[in-house]
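An overview of the molecular structure
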Amino acid sequence: MPLPRGLPVVDHHCHLSPSGEGVAAARRFARAGGTHLFLATQSYTPEPPRTLEEYRAQFETTERLAARVREETGVRVFVVLAPYPIDLVSATAAIGPAAALEAHRAALDLAGRWVREHRAVALGEVGRAHFPVPADVASLIEEAFRHALRVARDADCPVVVHSADLDAEGFRELATRAREAGIPADRVVKHFTRARVASSGTDGVAPSYLAQRELVRQVEHDPEPWFLETDFLDDPRRPGAVLDLATVPRRAEAIAAEGSDAAERLAIPFVRSVERVYGLTLAPGEGRAS
Ligand SMILES: [Zn+2]
């Protein structure tokens, strides 16, 4: 069964690189039926940025890629920006904790400014390391996360959180953390969620599920908000490290094949959750033309 007409098909978290497949990957996504990408920035250089100017150059690269994808493929792209929390590990070693944190905070401020200027829709990825780091670096990363939450509150935008896998208690802790910073939990997304968390256990935080076949089967009847993502890395040195960019449209097609209420169910990750978390209305006209 084909994808329902007019339905947006959204990959909620991917990366593209000018030195990777870039626009060609987005074209593959479009050919498979995809219509909207949330494009998260990443470091495009061998060493992560260490100054505000280097972060600005990184964000501009992401913005240029987004513009090219829109122009050359017709896919709608939403840009998500922040200095990657893990950058603090190497930056601290290279320039010391004070300078590393200062550049990081300035880059978060810049990302917040771009959100207010509608050049980006959310701060991300922000959060924590997904592997053990020395205690002094961990506290820097915490300080950066606190600042990220303040910036998101002031820019009134969602935060896309990078962290180790979270169970229900982890989701609760994240929701509490956000509320304490003045951000409603439903503006918080846990990206790269690899196991189903029942909606009763997310405390309002939206899981963005890795679009693996089994996991999609487990979550597809859950109420909003939740998303599907590939976390496509577009890194030729790491093929298959994450899912291919054509995966979300393929999963959507599999759900569409299941029956007549498929359009309604697919609207949860692709329309209603986007509206609820981002305040973005993906009109049917923006979706598939056929
Ligand atoms: Zn990512």
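Look above for the structure.
A quick note: this is a predicted structure, and the numbers were derived from the prediction, not measured. (Residues numbered from 1 in each chain as written. Predicted model: local features only at pLDDT ≥ 70, side-chain atom pairs only at ≥ 80, totals over all residues.)

**Here's the deal with the pairing of strand S3 (residues 76-81)**
Of the pairings in the sheet, the one linking strand S2 (residues 36-40) to S3 comprises five bridges and is parallel in character. Residue His-36 lies in a different strand from S3, and its bridge partner there is Arg-76. Note that the unit made of S2, helix H2 (residues 52-73) and S3 has a crossover that is right-handed. Taken together, the two bridges between S3 and strand S4 (residues 122-127) define a ladder with parallel strand orientation. Note on S4: the bridge partner recorded for Leu-81 is Leu-123. (Pairing = 2+ DSSP bridges. Helix = DSSP H or I, 4+ residues; strand = E, 2+ residues; numbered from the N terminus. Right-handed = clockwise from strand over helix to strand, strands pointing away.)

**A few points about the sheet that holds strand S8 (residues 227-229)**
Read from one edge of the open sheet, eight strands run S1-S2-S3-S4-S5-S6-S7-S8, paired in parallel fashion. A strand with exactly one partner marks an edge of an open sheet, and here the two such strands are strand S1 (10-14) and S8. With direction set aside, neighbouring strand axes in the sheet form an average angle of 25°. Relative to S8, strand S7 (residues 206-210) runs parallel, the two sharing three bridges. (Axes fitted to C-alpha atoms, helices over the stretch in contact; angles between N-to-C directions.)

**A closer look at unusual backbone geometry**
Note: most residues except glycine have negative phi, and most peptide bonds are trans. Of note, the amide linkage connecting Gly-124 to Glu-125 takes the cis form, showing an omega dihedral of -5°. Structurally, Glu-125 is set in strand S4. Residue Pro-225 is reached from Glu-224 by a cis peptide bond, and omega for that bond is 0°. Within the secondary structure, Pro-225 is located in the loop between helix H7 (213-219) and S8. Phi is positive for Asp-156, close to 55°, though the residue is something other than glycine. For Asp-156, the location among the structural elements is in the loop between helix H5 (135-155) and strand S5 (159-162). Taking the number of C-beta atoms within 10 Å as the measure of exposure, Asp-156 has 12 and is therefore exposed. (Buried ≥ 20, exposed ≤ 12 C-beta atoms within 10 Å, placed from the backbone.)

**Some words on H2**
Spacing of three or four residues puts side chains on the same side of an α-helix, whose turn is 3.6 residues. For H2, with 22 residues, the first-to-last C-alpha span of 31 Å sits near the 32 Å given by 1.5 Å per residue. All buried positions along H2 are accounted for by Tyr-55, Gln-58, Phe-59, Thr-62, Leu-65, Ala-66, Val-69 and Thr-73. The buried residues of H2 all sit within an arc of 115° when viewed along its axis, so they share a single face. Turned more than 90 degrees away from the buried face of H2 sit Glu-53, Arg-64, Ala-67 and Glu-71, all of them exposed. Gly-74 sits one or two residues past H2 and shows a positive phi near 80°. (Expected span 1.5 Å × (residues − 1). Arc of directions from axis to C-beta.)

**Digging into the pairing of S4**
Judged by how many residues are buried, S4 sits mostly within the fold: six of six residues are covered. Here S4 pairs with S5 via four bridges, running parallel. Bridge assignment links Val-126 to a residue of S5, and that residue is Val-161. Of the crossover connections in this fold, the one passing from S4 over H5 to the parallel S5 is right-handed.

Read these as geometric descriptors, not functional statements.
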